[in-house]
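# Structural overview for review
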Amino acid sequence: MDLRYSDADEKFRHELRSWLEAEVPLHGAPPDRSDWDARRVYDSGWQGKLFEAGYAGVNWPAEYGGRGATLTEELVYYEEYARAKAPYVGMNFVGLRHGGPTLIAEGSELQKSEHLPRILRGEEIWCQGFSEPNAGSDLAALKTTAERDGDDYVINGHKIWTSFAQKADLCELLVRTDPAASKHRGISWVVMPMDLPGISIQPLDTIRGESDFAEMFLENVRVPCENLVGEENDGWRITNVTLRFERGSAWAQDIYELKEFLSDLSILARKITRHDATAWDDIGLRREAGHLAAEADALWAMMKWQLGEVARTGMPGLGGSALKLAFTELNQRVYEFGTRLMARASLSRNDLADLPNGRTVDTFLNTLSLTIAAGSSQVQRNIVSERILEMPREPR
Amino acid sequence: MEFQFSDDQMALQEGIRTFCEGRFPFDAIPELEKEPFNRGIQGELAEMGIFALRLPEEQGGLGLGMADAAIVFAELGRRVVPGPVIWGNVLAGLIDGVATGEVIVGGLDHTLGTSPGPAMVEHGSQLDALIVLRKDGIHRIEASALDGERVKDPLDPLTPILGVPSLPAGERIADADTASRVRLEATTLTSAFFLGIAESTQEYAVAYAKGREQFDRPIAGFQAIKHMAADMYVKQEVARAAVYAAGCSVDDPEIGDPIRAVASARVVAGEAAMHNSRKCVQIYGGMGFTWEMPPHYYLKRTWVLENAFGTGEDAAETVADHIRLV
């Protein structure tokens, strides 16, 4: 066991830190969340800069335009990225963290060469068409159909929680290609261009009062069969490849950001006055901060432990479910703590008077989605208890 | 960086696990309760290298590091091995005869002050000397100078307590820096012991739930039980990463702040041990409330350790004090 970064890792850190220190301030603050066009320009522009500098797709193979970094360079990257408070991945989330990794694992050469460089340059925004009104935790119950007609699939159905649907170029879509097969067997994974006729988008207002996700209605949408990824009816296995990425190293950056946020809060608590003393003078508050920081430290160590496993086996293991469960719940507690620190300033969702009150309470609201999305905490507990602890399975 | 066990570390773990399972199986506990610890046990532990493992080879040790010691102490925790084992390990390099098991030392950590009531000396009747960590350094009190009374009903049946109303000052044998180092090392080993408790109670609870039937099915099939078990597993894995990261930080302080890493491990491992041993009692149901089942031994040892080298709340405060401010 050894946690020491190599000289090469430290050299990479030094270069990246210098670059971020110069570029992050130049890119400015993110636009208003309701201004979709400006958000796309901001998110894509930043991704383009990362690409030009050789920092896009840090863990993607070099042959597809990624950096092909070692696992330890990847960790250094997340640490420095979070320290520099560089822009959030934003609308590039699905492409960079789901669609791209799935194509790397399962796509054809043509699909890889067509999409991966464009995702890395921020030129191609993806959205996810997995959930349906009656297929949430029971995702395999999805009913959206795709019937072959000549060289096309004709797709009909109703998707929900599709983030960035309004601005996406492509959708990673799960469809039922064999209605006669058992529910896990008849599913396929296709790439659907979002400009096809028959797609209509109905934005949904989130708990944060913005339409970051949407319902998507598909009516006789003709998607070329060549957009199928992997084999027909093999979509459930392919989906699990994607979900494993989502449950593995995908949380690394978020965990390190949480550690940074706790540092920021402890600095802020020394300036906030309460009961004729600073908030930090309150031993109860300090101990709570200590508990939270200890857990964040532990999760960062757990991330390193799991990446050690990835290095050994080539795949994120089932432990990713444990990490997702622990991180998403800790994240809520940390932002709730931050919101309490803001006291009545948390009644505004806009930052006021140099306080991070607005973004803290707004992020707290956002953290509530993470124990639901990508397999709710309850689904993760089923996975941990059934696949790791080998307890009896739920009906499927 | 390679944050996984090496082949040598896997062999170390296997060796110590085989020893602990052979010497301290659950079936042996009723017999062990009569005399949980004595010179013979100390000798067997010394022979396994429990005390000498971090000493350099030229001093008769195994030349291993803190991360290796954490692996060993997690195994001791899995079987709630009795005795002042942590004190023996952290004092082996300071007091002659401890490494070989010939001299038995136990101790008290008074760095942050004293507890109410008499000083509660673990295994007090079996000690050759009592070591006290104080702010100004390490103090040694000969066993003959301890005027105390054995507690009739100690909380942990495997940890007899000598209540000493008035503790002699003793002789100062090391300075404040050494005391801080010993406390840091002892906290790391305490956290590792907690990890073993968290693992073992999770495994006992899951095994019991798979065998116990109600409503014509194993209770392991109910989500109420499965989700409790999943949380136990998560706590154990979070603690594992933190404990080994702490061990690595003590071995190589340049990789980060070892004081923070150890305090973080102490917080999460202590919470994991307490949470898991309590849930283990719960999942065993009525049987979990009996003396004859394993859960209570783990719960009680957790409480002994919770009050050994500062509490979890003290550790949380240490973490808070060490949050980076840039």
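Residues numbered from 1 in each chain as written. Chains lettered and ligands numbered in written order. Predicted model: local features only at pLDDT ≥ 70, side-chain atom pairs only at ≥ 80, totals over all residues. Heavy atoms only, no water.

## Focus: the overall build of chain B
Note the following rule: Helix and strand assignments come from DSSP, with helices taken as H or I runs of at least 4 residues and strands as E runs of at least 2, each series counted from the N terminus. Here the radius of gyration uses the C-alpha set of atoms, whereas the globule reference equals 2.2 Å times the residue count to the power 0.38. Burial classes follow relative accessibility: with a 1.4 Å probe on protein chains only, a residue under 20% of its type's maximum area counts as buried, one over 50% as exposed, and anything between as partly exposed. Only heavy atoms enter the contact rule, under which two residues are in contact if any of them lie within 4.5 Å. In these tables, accessible area is a Shrake-Rupley quantity obtained with a 1.4 Å probe, and a residue counts as shielded only by the protein chains included in the view.
Looking only at helices and strands, chain B features 10 helices and 9 strands. Taking 20 Å as the expected radius of gyration for a compact globule of 326 residues, we find that chain B reaches 19 Å, a close match to that expectation. Along the three orthogonal principal directions, the C-alpha set of chain B runs to about 65 × 50 × 35 Å. For chain B, the proportion of its 326 residues judged to be buried stands at 57%. Of the contacts formed within chain B by residues at least 6 apart in sequence, a portion of 72% connects residues at least 24 apart. For chain B, the computed accessible surface area is about 13300 Å², with 51% contributed by carbon and sulfur atoms.

## Focus on the interface of chain A and chain B
To keep it simple, the criterion reads: Once two parts are brought into contact, the accessible area they lose, counted with a 1.4 Å probe and summed over both, makes up the buried area. Each salt bridge in this description consists of a side-chain nitrogen of Lys or Arg and a carboxyl oxygen of Asp or Glu lying within 4 Å of one another. Any N or O atom pair separated by 3.5 Å or less is treated as a polar contact, with the protein-specific requirement of one donor-capable and one acceptor-capable atom, and with residues adjacent in sequence counted only for side-chain atom pairs. Residue type decides the class: Asp, Glu, Lys and Arg count as charged, Ala, Val, Leu, Ile, Met, Phe, Trp, Tyr, Cys and Pro as nonpolar, and the leftover types, Gly among them, as polar.
Tallying the contact residues gives 52 residues for chain A and 51 residues for chain B. Between chain A and chain B, the buried area comes to about 4500 Å², and carbon and sulfur atoms account for 63% of it. On the chain A side of the interface with chain B, the three residues burying the most area are Met1, Leu3 and Trp305 of chain A, jointly 18% of the side's total. Between arginine 324 of chain B and glutamate 260 of chain A there is a salt bridge; the shortest N-O distance is 2.6 Å. Here chain A is connected to chain B by 25 residue pairs in polar contact (both at pLDDT 80 or more). Sorting the residues of the side of chain A that touches chain B by element identifies helix H3 (71–83), helix H7 (252–269), helix H8 (283–313), helix H9 (319–342) and helix H11 (377–388) of chain A as the ones contributing at least two each. The element that contributes the greatest number of residues to the side of chain A that touches chain B is H8 of chain A, accounting for 19 residues. Of the residues in the side of chain A that touches chain B, the class split is 25 nonpolar, 9 polar and 18 charged.

## A few points about the packing of aromatic side chains
Quick note on the threshold: The criterion for an aromatic pair is that two Phe, Tyr or Trp rings (for Trp, the six-membered ring) have centres within 6.5 Å, with stacked assigned to planes under 30 degrees apart, edge-to-face to planes over 60 apart and tilted to the rest.
Overall, the coordinates contain 21 aromatic pairs over all chains when judged by the stated rule. Relative to tyrosine 297 of chain B, the ring of phenylalanine 26 of chain B has its centre 6.2 Å away and its plane inclined at 75°; by these criteria the two rings are edge-to-face. Here phenylalanine 26 of chain B, found in the loop between helix H1 (7–23) and helix H2 (29–34), pairs with tyrosine 297 of chain B, found in helix H9 (residues 295–306); they are 271 residues apart in sequence, far enough to count as distant. Residue classification places phenylalanine 26 of chain B among the partly exposed positions, given a relative accessible area of 23%. The class of tyrosine 297 of chain B is buried, set by a relative accessible area of 4%. With 6.1 Å between their ring centres and 80° between their planes, phenylalanine 215 of chain B and phenylalanine 222 of chain B make a pair best called edge-to-face. Of the residues examined, phenylalanine 215 of chain B reaches a relative accessible area of 72% and is grouped as exposed. You can call phenylalanine 222 of chain B partly exposed: its relative accessible area is 24%. Three or more aromatic residues link up through ring pairs in this structure, and these residues are Phe12, Trp19, Trp46 and Tyr55 of chain A.

## Focus: the nonpolar core
Most often, soluble globular proteins have nonpolar side chains that are buried together. Applicable threshold: As used here, the term nonpolar core means buried Ala, Val, Leu, Ile, Met, Phe, Trp, Tyr and Cys residues forming a set that is joined through side-chain atoms within 4.5 Å.
In this structure, Phe73 and Tyr244 of chain B are the most contacted members of the largest nonpolar core, which totals 199 residues. In terms of residue count, helix H7 (residues 223–251) of chain B provides more of this core than any other element does, 17 residues in total. Excluding residues that lie within four positions of it along the chain, phenylalanine 73 of chain B makes contacts with Ile50, Val85, Ile86, Asn89, Leu189, Ala192 and Phe193 of chain B. The next biggest cluster of nonpolar side chains, apart from the first, holds 25 residues, and it includes Cys171, Met194, Leu196 and Cys225 of chain A.

## Topic: the sheet that holds strand E1 (residues 105–109) of chain B
Residue and element names in this part refer to chain B. Rules: Any two strands are treated as partners once DSSP identifies two or more bridges connecting them. Each axis is a line fitted through C-alpha atoms, taken for helices only over the stretch in contact, and angles between the N-to-C directions span 0 to 180 degrees.
Read across the open sheet, the 4 strands follow the order E1-E3-E4-E7; overall the sheet is mixed. Where the open sheet ends on each side, the last strands, each with one partner, are E1 and strand E7 (171–174). Across this sheet, the average inter-strand angle for adjacent strands is 35°, counted without regard to direction. Against the sheet, helix H6 (residues 176–211) makes contact with E1, strand E3 (129–134), strand E4 (137–142) and E7, and its axis sits at roughly 85° relative to E4, the strand it touches most.

## A closer look at helix H3 (residues 39–47) of chain B
Residue and element names in this part refer to chain B. Stated precisely, the cut-off is as follows: Taking the helix axis as origin, the arc is that swept by the directions to the C-beta atoms.
Every buried residue of H3 is accounted for by Ile41, Gln42, Leu45 and Ala46. Along the long axis of H3, the arc covered by the buried residues comes to 140°, so they all point the same way. Against the buried residues of H3 lie H1, H2 and helix H5 (85–91). Between a side-chain oxygen at the N-terminus of H3 and the backbone nitrogen of glycine 40 the separation is 3.0 Å; the capping residue is asparagine 38.

## Quick word on the pairing of strand E5 (residues 187–193) of chain A
Residue and element names in this part refer to chain A. With 7 of its 7 residues buried, E5 lies for the most part within the structure. Note: strand E4 (residues 170–176) against E5, 7 bridges, orientation antiparallel. Within the sheet, the bridge partner assigned to valine 175 lies in E5 and is serine 188. Sheet topology note: the E5/strand E8 (residues 228–229) ladder contains 2 bridges and is antiparallel. Bridging from a neighbouring strand, tryptophan 189 pairs with valine 229 of E8.

## Some remarks on the domain arrangement of chain A
Residues and elements named next belong to chain A. So the rule is basically this: Segmentation of the chain into domains, including their bounds, is taken from an automatic or database domain assignment.
Assigned domains of chain A: these are domain 1 (7–88), domain 2 (127–233) and domain 3 (248–388). Of note, the centres of domain 1 and domain 2, computed from C-alpha atoms alone, are 30 Å apart. For the pairing of domain 1 and domain 2, the buried interface totals around 660 Å² over both sides, and the portion due to carbon and sulfur atoms is 43%. Of all residues in domain 1, the largest losses of buried area upon contact with domain 2 belong to Arg33, Trp36 and Arg40, amounting jointly to 84% of the total for that side. Counting across the domain 1 and domain 2 interface gives 5 salt bridges.

## Describing the sheet that holds strand E6 (residues 161–164) of chain B
All names here are of chain B. The 3 strands are arranged E2-E6-E5 in an open sheet whose pairing can be described as antiparallel. Each edge of the open sheet carries a strand with a single partner, namely strand E2 (119–122) and strand E5 (149–150). Relative to E6, E5 runs antiparallel, the two sharing 2 bridges. Paired with arginine 150 across the strands is leucine 162, a residue of E6.

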